[in-house]
Amino acid sequence: IPAEGLSACWKSPSNIALIKYWGKLGGQLPANASLSITLSNAYTVTRVAASRLDTPGSGPEAEFRFEGELNLPFSSRINTFLKSVASHFQYLPDVKLSIESGNSFPHSAGIASSASGMSALALCLCALEAQFQDKEAGAPGFYEKASSIARLGSGSACRSVYGGITVWGRHHDVPGSSDEYAVPLHFDPHPLFSGLRDAILIVDPGEKKVSSSVGHGLMNGHPFAESRFAQAGRNLSELLVALKSGDWQVFARIVENEALSLHAMMLASDPWFILMHPNTLLIINKTEEFRKQTGAKVCFTLDAGPNIHLLYPEEETERIASLIKSLKLYCFNEKVIEDSVGEGPKQLTCR
Ligand code: PMV
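Basis of the calculations
- Residues numbered from 1 in each chain as written.
- Predicted model: local features only at pLDDT ≥ 70, side-chain atom pairs only at ≥ 80, totals over all residues.
- Near = placed C-beta within 6 Å.
- Nonpolar A, V, L, I, M, F, W, Y, C, P; charged D, E, K, R; others polar.
- Axes fitted to C-alpha atoms, helices over the stretch in contact; angles between N-to-C directions.
- Helix = DSSP H or I, 4+ residues; strand = E, 2+ residues; numbered from the N terminus.
- Parallel < 35°, antiparallel > 145°, perpendicular 65-115°, else oblique.
- Left-handed = near helix turned anticlockwise from the far one by under 90°.
- Contact = placed C-beta atoms within 7 Å.
- pLDDT = per-residue confidence, 0-100.
- Pairing = 2+ DSSP bridges.
- Buried ≥ 20, exposed ≤ 12 C-beta atoms within 10 Å, placed from the backbone.

## A look at the site of the ligand
And step 1. Neighbouring residues of the ligand: 13 residues in total, closest A17, Y21, G155, S156 and S212.
And step 2. Of the residues that constitute the shell around the ligand, the class distribution is 5 nonpolar, 6 polar and 2 charged.

Shown next as structure tokens:
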């Protein structure tokens, strides 16, 4: 390790799942395959600088700063994560890391930052490894490893290391798919989906009512677990066909079925969780009404929370703008974040 140390800087986006990951096999492996689109405007930028520890082998030590602040509640999660991945990187036990991170979106905007945050950090760790080995970031195997490391931080983060559409979890219709890391979709989707838009309607920007780890845990012993995992597999097969052929009707049907099935699992778990807000249902109903009246190509999906993601192809931008305008009334402070499918993470020049 050179005395002045090495550093890496990556910008990595968030993603929204269309086929949901909800339930684990253990070891951060998913109970079913999931598929997501990587976003563009909602991203994290992370810079990691490594310097030699006085007592090599005792690390990694880390100092984590988020938007300039030290000792935030999630600092301990970062430290636990770094310790848990130390054995995957030869250099880690010998270094002290200085990590600086920031998001393009406000902290409590109702957008989960674990996917963008953990993928940006995993990419930095892998880029540092490449530098220590005198290799280029992006060499064969680089993104698989970054995805697999991101997965250990937060399952859904492993899908954020590529742009476009990605799949995580073994599935018979996706060649090369793996439970350990995500892969980019193995075909070019129909042009209808190439500029897919996502308007995030913020109904409630607050903290999640149920953490992901508790939520996944509720699927252990859940009375509908096995049929849910089988349903996700069938939905993924059908969604892949629709993505290839450009069948919006099928796409919308599957995407909405996945969102509501995710919430149905939480409604039927013990203890139960109602994560939708009355305005979530109102927006869903109004969206369906609008679709019936206008025939517009638009559908919704939800994360494990009350906010709505409205998905629509680029060609519908004008029509959907009027829908969004009317739905803003039901959002917190009329807050809507407009995003679209993006190109994936980028390595930045460290400063
Ligand atoms: O990555 P986690 O453990 O926060 O789980 C994310 C789960 C969902 O966002 C609800 C679905 C998904 O596939 O992203």
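Structure's up, so let's keep going.
## Section: the packing of helix α1 (residues 75–85) against helix α3 (residues 142–153)
And step 1. Orientation of α1 relative to α3, taken along the N-to-C sense of each, is 135°, at an axis distance of 9 Å. Put simply, α1 runs oblique to α3. Note that α1 runs across α3; the crossing there is right-handed. Contacts from F81, S84 and V85 of α1 reach α3 at I149, L152 and G153.
And step 2. The residue makeup of the contact of α1 with α3, split by class, is 4 nonpolar, 2 polar and no charged.

## Some details on the confidence of the model for the protein chain
And step 1. Model confidence for the protein chain is summarised by a mean pLDDT of 94, while 98% of its residues fall at 70 or above.
And step 2. Here the complex is predicted with pTM 0.96, and the ipTM for its interfaces comes to 0.99.

## Focus: the sheet that holds strand β11 (residues 299–302)
Two pairing modes exist for strands in a sheet, parallel and antiparallel, and in both the strands are linked by backbone hydrogen bonds.
And step 1. The strand order across the open sheet formed by 4 strands is β11-β12-β10-β13, and the pairing between neighbours is antiparallel. What marks the edges here is a single partner per strand, and that holds for β11 and β13 (336–340). Pairs of neighbouring strands in the sheet enclose a mean axial angle of 25°, with direction left out of account.
And step 2. The pairing of strand β10 (residues 197–201) with β13 spans 5 bridges and is classified as antiparallel. Bridging from a neighbouring strand, R197 pairs with S340 of β13.
And step 3. The sheet contacts of helix α8 (residues 317–327) involve β10, β12 (308–312) and β13, and relative to β10 the element is tilted by about 5°.

## Examining the pairing of strand β7 (residues 95–103)
And step 1. Only one face of β7 is buried: it carries V95, L97, I99, S101 and N103, and the other face, with K96, S98, E100 and G102, is open.
And step 2. Taken together, the 9 bridges between strand β4 (residues 34–52) and β7 define a ladder with antiparallel strand orientation. Residue pairing for β7: V45 is matched across the bridge by G102.
And step 3. Note that strand β5 (residues 61–66) and β7 share 6 bridges and pair parallel. Looking at the pairing, F66 lines up with S101 of β7.

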